[in-house]
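Per-entry structural report
In case you want the letters, here they are:
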Amino acid sequence: MVPEIFKAPATGILTSPDRLRKIDQLREKNIDVILPLPTLVAVGDQSSGKSSLLESVTDIPFPRGQELCTRYATQITHRRDPEVQIIITIIPAPQSTDNEKVSLRSYRKELSSTDELRTKFVAILDEVNVYMKIKTAKNPKGTKTFSRDILKIEKCGPTEDYLTVIDVPGIFRLTSKGQTTESDRNLVRDMVIGFIKDKRTIILAVLPANVDVMTQEILALAEEYDPEGERTLGVLTKPDLVIERSAKEAVCNLVNGRKKPLNLGYYLVKNRGGDDVDDAEDSSGLRKKERDLFQQAPWCNLPQERVGVAALRERLQDLLGEITDKAYPELRSEARKKLTEARDQRDALGPSRQTDREQQQYLGQIAAKFQTIVRAALATDYSADPAFDQSQLRLITELVEITEWFNVTMRNIGHRYAFQHSGDSTADVDEPEPEEHLSKESGNTKDTWLRNVLTQNPELHDVINLAKEPNTSFSVQSDNGKWIDVVYRRCRGVELGTFSPTVLASAFRDQTTKWDLITERHMSRIILTIHNFIEEMLKVACPNAKIREGVKSMIIDDLVAGYKRGMNFAKYLVQVEREKKPYTVNHYFNSNLQAARGQRMFNILAPKSFEQSQTPQNSPDTVTKVVRLADVKTATTDKSNEKHAQEDIHDILKSYYKVARKRFVDSVWCHAIDHHLLSGPNSPLTLFSEQWVLGLDEDSLAAIAGESRSSRDKRIELSKKISDLEEALRILK
Ligand code: GDP
Ligand code: MG
């Protein structure tokens with residue numbers, strides 16, 4: 001590796017001033033908080049002279065020495081500005097709490113000159129220790145030995161260089177008893193690494209010239225993070241304290257690149273010692289004591305561009321320019337990436353919702369989206385949203401299935417007593433057996449799921465009844481028609497050969513005692529399915545949980561009222577069917593009744609029939625069953641009036657029940673479900689709409705859609721970040 005001193009001067013210098021100026025502009029916009037910008041950081045052992053070196057380079061009077069050993073990183077920034085002033089602030093550590101951040105950010109000191117700073121610095125640092133909660137003799141309430149907060153000192157003026165340097169606490173090898181602990185040591189190491197690992201940081205490895213450099217941990221650490229040695233610069237301090245000739249020779253060997261060479265080489269500087277307080281710079285940028293020292297041997301024989309603060313400062317600016325040139329494209333792509341991230345985060349927060357109008361607009365959009373989903377669901381347009389992939393959210397499909405299940409239940413166990421079989425399957429056209437998926441099992445899993453929905457929504461307890469089906473009372477009783485006998489006797493009047501119409505009404509009521517419960521359970525399933533749909537689709541339309549809860553709490557009473565209307569209407573339908581006099585104009589009633597009566601006649605005559613061969617013109621093999629007319633005449637005379645009436649009651653009831661049952665199942669769908677719960681004007685699905693949002697008063701709007709302080713602050717913070725990054729990209733162009 002060729003030591004830097006033998007290389008030609010860097011050629012990047014031509015472009016650098018412009019770029020440095022741009023970096024400076026970025027820093028002015030505080031963009032270094034978001035994007036690490038090219039920086040110099042002084043690292044080294046405790047008391048190696050870091051703070052003194054930075055004071056030499058920046059002219060900011062640093063407190064030095066053991067007592068005031070640095071407890072946090074200090075960033076010194078130079079900024080070109082018409083006004084001369086020094087601004088001191090604190091950059092909170094990223095892991096600080098919100099409260100801590102607010103408190104730390106509130107710290108600000110403005111000073112008009114370096115002299116003023118010099119006189120006030122100790123007092124200022126005492127204040128800073130209180131803000132950062134650092135425990136010192138003056139601040140015994142402090143809790144920390146070191147802090148990750150950064151003290152920022154901005155030096156503004158019309159002639160300031162573009163230079164930012166960072167002073168970090170020294171790496172200490174031995175934990176001194178009572179003061180620093182192992183965890184302090186790790187914290188400092190972490191902090192130092194945090195600064196030097198960035199490719200845009202120039203590492204000033206500060207080494208006291210009066211100590212053997214080989215014992216200095218910092219060179220090893222720098223090498224770990226800058227293995228190519230592209231950005232590590234050795235700075236030897238305290239040359240005035242080197243007395244022995246051999247020691248001086250060792251220092252010269254380092255500067256000349258003959259020993260432990262560093263790619264960028266070593267510089268030799270003399271800082272103000274503890275005693276020389278007022279060794280001011282002259283016009284050449286050198287202080288008298290430093291100049292005097294370097295005029296002596298052996299220092300005067302060293303290459304002059306390697307010796308003295310002024311030479312170092314010049315080199316640092318060049319180096320910063322080179323690093324900046326290299327960092328430029330990366331800064332641009334990073335700024336772009338961060339900008340996209342920040343925009344995404346802002347979008348996730350949703351638009352600003354501070355004024356009534358903003359809140360109304362925002363909520364209105366959510367309501368509109370919800371209604372779009374509802375319309376798609378009612379139109380069974382399941383391609384409209386990926387949420388429809390969940391089968392429970394395919395609303396109409398799901399409700400139709402539940403209704404089919406209701407239909408099957410009504411058919412199989414809706415009646416209390418079994419009807420007699422007519423004995424002929426053709427006379428009584430019945431429905432097909434239920435499909436596999438409507439089996440009791442699938443119904444039970446659905447009920448388990450619906451019960452979960454109910455547990456999560458205690459508001460629905462008022463409306464819903466999912467009581468378990470009591471099996472015994474629900475199975476159909478087959479008592480061979482005795483119940484008809486009972487009803488008949490109970491209602492019998494003085495009719496001759498016929499029966500009072502109240503018998504039918506009363507028998508029908510008896511037959512339909514389970515309708516109420518079956519219907520209630522059916523409606524409960526329907527309502528829970530609808531409610532679950534509304535909840536899930538609210539999530540789709542409104543990902544913000546707080547707003548969603550707000551909407552829900554505002555509509556829940558009306559929702560429950562809507563469900564109740566549906567439920568009550570279904571109960572009303574049951575009541576109408578059961579309480580009114582049985583009646584229908586449906587022709588199936590008559591055809592079924594005639595078929596049943598015909599079947600009874602058939603059953604009586606069949607035993608009296610005999611076979612007779614057909615007339616010769618027909619095929620000789622065909623045999624027909626015939627009865628005598630006289631037998632027809634006496635066919636029914638063997639029956640008592642009572643028996644006859646009961647049979648008739650049974651047949652009429654059976655035919656009527658079937659028609660009524662089908663009519664009822666259809667009505668429940670049409671009126672109670674479709675009209676009241678789905679597509680009617682007051683259905684619960686229509687509740688959360690733009691219209692509803694428009695009707696909200698200011699307070700309700702703010703309660704639902706208003707922003708929490710933290711999310712408002714977050715948006716402000718992000719907006720600032722976005723505009724800063726946009727500005728950064730403009731500057732970096
Ligand atoms: P830090 O802990 O690395 O920041 O070291 P300081 O800058 O606080 O310096 C430690 C001590 O060394 C202070 O008393 C300084 O005055 C002193 N010191 C630093 N540089 C020099 C120097 O070049 N010559 C002399 N004589 N003393 C120095
Ligand atoms: Mg220091």
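All of these numbers come straight from a predicted model, not from anything done at the bench.

Cut-off values and rules
- Residues numbered from 1 in each chain as written.
- Chains lettered and ligands numbered in written order.
- Predicted model: local features only at pLDDT ≥ 70, side-chain atom pairs only at ≥ 80, totals over all residues.
- Heavy atoms only, no water.
- Phe/Tyr/Trp six-rings, centres within 6.5 Å; stacked < 30°, edge-to-face > 60°.
- Helix = DSSP H or I, 4+ residues; strand = E, 2+ residues; numbered from the N terminus.
- Buried < 20%, exposed > 50% of the residue type's maximum accessible area, 1.4 Å probe, protein only.
- Lys NZ or Arg CZ within 6 Å of the ring centre and 35° of its normal.
- Patch = residues over 30% accessible without salt bridge, like charges linked within 9 Å, V, L, I, M, F, W, Y side chains within 5 Å.
- Areas by Shrake-Rupley, 256 points an atom, 1.4 Å probe, with all protein chains shown as cover.
- Salt bridge = Lys/Arg side-chain N within 4 Å of Asp/Glu carboxyl O.
- Lys, Arg positive; Asp, Glu negative; His and termini not counted.
- Charge placed at Lys NZ, Arg CZ, Asp CG, Glu CD.
- Pairing = 2+ DSSP bridges.
- Axes fitted to C-alpha atoms, helices over the stretch in contact; angles between N-to-C directions.
- Core = buried A, V, L, I, M, F, W, Y, C linked by side-chain atoms within 4.5 Å.
- Contact = heavy atoms within 4.5 Å.
- pLDDT = per-residue confidence, 0-100.

1. Things to note about the packing of aromatic side chains
Under the counting rule described, the total for this entry stands at 15 aromatic pairs. With a centroid separation of 5.3 Å and 50° between ring planes, the pair formed by phenylalanine 569 and tyrosine 572 is classed as tilted. Residue phenylalanine 569 and its partner tyrosine 572 are both found in helix H17 (residues 545-579); the two are separated by 3 residues, about one turn of the helix. The exposure class assigned to tyrosine 572 is partly exposed, which follows from its relative accessible area of 44%. One aromatic cluster is present, formed by Phe406, Tyr417, Phe419, Trp483, Phe508, Trp515, Phe589, Tyr656, Tyr657 and Phe664 through successive ring pairs. In this structure, arginine 71 is placed above the aromatic ring of phenylalanine 146, and the distance from its NZ or CZ to the ring centre is 5.4 Å. Between arginine 525 and the ring centre of tryptophan 405, over which it is positioned, the NZ or CZ distance is 4.1 Å.

2. A look at a negative patch on the surface
Residues Asp356, Asp697, Glu698 and Asp699 make up a contiguous surface patch of negative charge. Residue position: aspartate 697 is located in the loop between helix H21 (690-694) and helix H22 (698-705).

3. A look at the environment of serine 106
Tracing the sequence through the fold places serine 106 in the loop between helix H3 (98-105) and strand S4 (108-111). By relative accessible area, which is 49% here, serine 106 ends up partly exposed. The spatial distance from the C-alpha of serine 106 to the C-alpha of tyrosine 131 is 9.5 Å, given a sequence separation of 25 residues.

4. Description of the sheet that holds strand S9 (residues 266-268)
Sheet strands associate in pairs through backbone hydrogen bonding, adopting either a parallel or an antiparallel arrangement. Spatial ordering of the open sheet is given by S4-S3-S5-S2-S6-S1-S7-S8-S9, a layout of 9 strands whose pairing is mixed. Where the open sheet ends on each side, the last strands, each with one partner, are S4 and S9. Ignoring which end each strand starts from, the neighbouring axes of this sheet average 20° apart. Pairing between strand S1 (residues 39-44) and strand S7 (residues 201-208): 6 bridges, direction parallel. Paired with alanine 42 across the strands is leucine 204, a residue of S7.

5. Here we look at the nonpolar core
Among the nonpolar cores identified, the biggest contains 87 residues, and Leu363, Ile530, Phe533, Ile534, Tyr563 and Phe688 are the most heavily contacted of them. For this core, the element with the most residues is helix H20 (residues 641-679), which contributes 15 residues. Sequence-distant contacts of leucine 363, that is, excluding residues within four places in its chain, are made with Ile547, Val551, Phe688, Val693, Leu696, Leu701, Ile704 and Ala705. Leu54, Leu233, Val235 and Leu264 belong to the second-largest nonpolar core, a separate cluster that totals 42 residues.

6. Focus on a nonpolar patch on the surface
Residues Val627, Leu629 and Val632 make up a contiguous nonpolar surface patch of about 270 Å² in total accessible area. Position of valine 627 among the secondary structure elements: in the loop between strand S11 (623-626) and helix H19 (629-634).

7. Some remarks on the pattern of salt bridges
Two side chains with opposite charge may pair up if their charged atoms get near one another. This structure, assessed with the given rule, holds 24 salt bridges. Among the ionic pairs, lysine 720 bridges to aspartate 724, the shortest N-O distance being 2.7 Å. Residue lysine 720 and its partner aspartate 724 are located together in helix H23 (residues 709-732), separated by 4 residues, close to a single helical turn. By relative accessible area, aspartate 724 is classed as buried at 10%. Overlapping salt bridges, with partners in common, bring together Asp198, Lys199, Arg200, Glu330 and Glu334 in one network.

8. Comments concerning the confidence of the model for the protein chain
When pLDDT is averaged across the protein chain, the result is 83; 87% of the residues are at 70 or more. Per-element confidence in the protein chain is highest for H21, whose mean pLDDT is 95, and lowest for helix H13 (residues 471-474), whose mean pLDDT is 56. In this model, residues 1-15 is a region of pLDDT below 50 whose contacts with residues beyond four sequence positions or in other chains number 20 contacts. Across residues 425-429, where pLDDT falls below 50, the model places 8 contacts with residues more than four positions away in sequence or in other chains.

9. Re helix H2 (residues 50-58)
Given 3.6 residues per turn, any residue in an α-helix points the same way as the ones three and four places further on. Of all the 9 residues making up H2, 9 are buried; the element is thus mostly covered by neighbouring parts of the structure. Regarding H2, the residues found buried are Lys50, Ser51, Ser52, Leu53, Leu54, Glu55, Ser56, Val57 and Thr58. Aspartate 59 sits one or two positions beyond H2 and adopts a positive phi of about 75°.

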